Amino acid sequence: MFHAPNVPRVRKRLRPAEAVVPRREGVKFEDVRLYLVERKMGRSRRNFLTQLARSKGFIVEDVLSDEVTHVVSEESQASSLWKWLKECALKNLPSVHVLDISWFTESMREGRPVAVETRHLVQDTLLTLPEGSTPTPVATVSQYACQRRTTTENNNKIFTDAFEVLAENYEFNEIEGPCQAFRRAASVLKSLPWAVRCLGATQDLPCLGEHTKAVMEEILQHGRSFEVERILSDERYQTLKLFTSVFGVGPKTAEKWYRRGLRSFSDILADRSIHLNRMQQSGFLHYEDISRAVSKAEARSLRNIIDEVVHAITPAAILALTGGFRRGKEFGHDVDFIVTTPELGREETLLPDIIDELKKQGILLYCEYQASTFDIAKLPSCRFEAMDHYAKCFLILRLEGSQVEGGLHRAEGDSRGWRAVRVDLVSPPVDRYAFALLGWTGSRQFERDLRRFAQVKRRMLLDNHALYDKTKKEFLAATTEKDIFAHLGLEYIEPWQRNA
Ligand code: UTP
Ligand code: MN
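The shown structure was predicted, so the numbers you read here are calculated from the model rather than taken from an experiment. (Residues numbered from 1 in each chain as written. Chains lettered and ligands numbered in written order. Predicted model: local features only at pLDDT ≥ 70, side-chain atom pairs only at ≥ 80, totals over all residues. Heavy atoms only, no water.)

Chemist: Give me the lowdown on the site of ligand 1, citing residues and values where you can.
Modeler: Of all residues adjacent to ligand 1, which total 18 residues, the nearest are Gly-324, His-333, Asp-334, Arg-444 and Asn-464. At 2.9 Å, a side-chain N or O of Arg-327 approaches an oxygen atom of ligand 1. Contact between ligand 1 and Lys-329: an oxygen atom at 2.8 Å from a side-chain N or O atom of the residue. A total of 590 Å² of accessible area belongs to ligand 1 in isolation, and the protein chains cover 84% of it. Contributions of two or more residues to the shell around ligand 1 are made by α16 (323–326), α18 (433–441) and α19 (444–458). A class-by-class count of the residues in the shell around ligand 1 yields two nonpolar, eight polar and eight charged. (Near = heavy atom within 4 Å. Polar contact = N/O pair within 3.5 Å; in protein donor to acceptor, adjacent residues only side chain to side chain. Areas by Shrake-Rupley, 256 points an atom, 1.4 Å probe, with all protein chains shown as cover. Helix = DSSP H or I, 4+ residues; strand = E, 2+ residues; numbered from the N terminus. Nonpolar A, V, L, I, M, F, W, Y, C, P; charged D, E, K, R; others polar.)

Put into structure tokens, the structure is as follows:
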């Protein structure tokens, strides 16, 4: 049995200031009551950690009682910890979080109780399973990308590249089902920390259908897929791929041009009957530059430039890098930022002010500004694949090589000292920040599955603006991404683990 470290009564009376710890003063987290297990931790370390937690606003109980919500232990033997816990005969033991020290350490670092994840739990190995039941396998892969951790390291690129071609081809032909199926399959394979070397290894994986497995088998046997090769050499696929690589040209326009018999950029530019909109004109003008990937160093340099501009306009501004670069990608097709200010409403003039300043600096090569159409009264939106309603601008900026550490990511033989780069800025009201950040961090597949998970598993609607609980008929507030994951009952997935 554990007993609280005894404080001699005499001392308590004589030196109250030292002996009586002001336990409820400065409490920040009323719902969380910690208990640190002294076994293995030792008394002095336990005292130290107790003081630390209390100084950060946590309640730490000296005695293990039914009040306690989180038990933290450094015991390495789960079975002996659980044996001891059961001997304590707590009524609420089944609802107590029994955690290893990693949860405590992370919570101290964050200055608040972090969401409990399975990796923090000290599992009860003494748990007796009901007769006839089998223990659930530990490492099942979820069909939802938001329940998987996917870094930029892809161990199955030979398969996922092939799936991407197939998915894109279905997209060009407007066949939604198989297109999504191949995207989901690619996403599952990307999440694996191992390479698939035989078809048998995919047995327990979700989202892999007959067609996907047939393609994988071909690749495993012959090193390539004949179906994919056929598509890659198909004139229609090649042309649509080429046309949609131009900024401002979507599948619809590409298809229209293809039907007219156009096959190359010179065909398009020579055709007098074709009217290019402003975006497409800049797309062609800067094609060489903006079709080449943007490097991390270039993204960092742009961040500095935008940062300076934004903070000159309003010192309190909040700027965050989002999109692929926030997920830790080395290269991207553009650089995405969220900008806002703590002052609600002030964000409305923010983008126009930024655009003015970029123009003044002579680095604005193209700008399409879309004013906000956000109206809180129109939420929730059931069309959750739709674009969001925040003010945003799609830019092409001139980036000087001298401002990029290690120089520009340039084509060989290009001796100019600058390049054009695509930049997107989006400006949500600050109370929508967490939703906008989550939505714009991506990946697209991760977002799609977050929304699908919310809808199917939780009867909730999630988009870039809000989270709505259809059962409770209310919006769920969030100031951080972690709040949103917590509302959805999902383990928090770091941005660099969202490369689904
Ligand atoms: P991007 O198309 O920029 O993708 O959209 P990315 O992940 O950064 O990859 P690359 O490297 O640029 O190609 C970033 C995220 O922003 C969301 C997309 O869903 C994606 O997850 N987004 C984009 C929106 O939510 N709304 C938009 O209007 C545009
Ligand atoms: Mn991007």
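Having seen it, we continue.
Chemist: I'd like a rundown of the coordination of the manganese ion (ligand 2), residues and numbers included.
Modeler: Surrounding the manganese ion (ligand 2) are the protein donor atoms Asp-334 (OD) and Asp-336 (OD), at 2.1 Å. Like Asp-336, Asp-334 is buried. (Donors = N, O, S within 2.8 Å, 3.2 Å for Na, K, Ca; no water. Buried < 20%, exposed > 50% of the residue type's maximum accessible area, 1.4 Å probe, protein only.)

Chemist: Tell me about the sheet that holds strand β1 (residues 33–36), and name the residues and values.
Modeler: The strand order across the open sheet formed by four strands is β2-β1-β3-β4, and the pairing between neighbours is parallel. Taken across any chain shown, the strands that pair with only one partner, and hence form the sheet edges, are β2 (59–60) and β4 (97–100). Of the pairings in the sheet, the one linking β1 to strand β3 (residues 70–73) comprises three bridges and is parallel in character. Directly across from Leu-34, in β3, lies its bridge partner His-70. Of the strands in this sheet, β1 and β2 touch helix α3 (residues 43–55), which is tilted by about 165° from β1. Docked against the sheet, helix α4 (residues 78–87) engages β1, β3 and β4, running at close to 145° with respect to β4. (Pairing = 2+ DSSP bridges. Contact = heavy atoms within 4.5 Å. Axes fitted to C-alpha atoms, helices over the stretch in contact; angles between N-to-C directions.)

Chemist: Give a description of α4 that names residues and reports values.
Modeler: Buried within α4 are the following residues: Ala-78, Leu-81, Trp-82, Trp-84 and Leu-85. Along the long axis of α4, the arc covered by the buried residues comes to 160°, so they all point the same way. Residues of α4 that are buried in the fold lie against β1, β3 and β4. Taken from the residues just after α4, Ala-89 is the one with a positive phi, measuring 55°. (Arc of directions from axis to C-beta.)

Chemist: So what's going on with the side chain of His-70? Which residues, and what values?
Modeler: Tracing the sequence through the fold places His-70 in strand β3. Polar side-chain contacts of His-70 include one of 2.7 Å to the side chain of Thr-69. Ignoring sequence-local partners within four residues, the contact set of His-70 consists of Val-32, Arg-33, Leu-34, Tyr-35, Val-96, His-97, Leu-99, Trp-103 and Val-116.

Chemist: Provide a residue-level description of the sheet that holds strand β12 (residues 460–462), including the pertinent values.
Modeler: Spatial strand order, β12-β13-β14: three strands in an open sheet with antiparallel pairing. Edge positions in the open sheet fall to β12 and β14 (474–475), since each of these has one partner strand only. In this structure, strand β13 (residues 467–469) lies alongside β14, joined through two bridges in antiparallel fashion. Bridge pairing links Asp-469 to Glu-474 in β14.

Chemist: A description of the nonpolar core should follow, citing residues and the corresponding values.
Modeler: By size, the foremost hydrophobic cluster in this structure holds 38 residues, and its most contacted members are Phe-163, Leu-189, Phe-243, Trp-257 and Ile-268. Put simply, the parts of the chain that give this core at least two residues each are α6 (157–172), α7 (176–190), α8 (210–222), α9 (226–232), α10 (235–244), α11 (251–259) and α12 (265–270). Ranked by residues supplied to this core, first place goes to α6 with eight residues. Contacts of Ile-268, omitting those with residues within four sequence positions, involve Phe-243, Trp-257, Leu-262, Ile-274, Leu-276 and Phe-284. Ala-297, Phe-337, Ile-355 and Cys-393 belong to the second largest nonpolar core, which has 32 residues in total. (Core = buried A, V, L, I, M, F, W, Y, C linked by side-chain atoms within 4.5 Å.)

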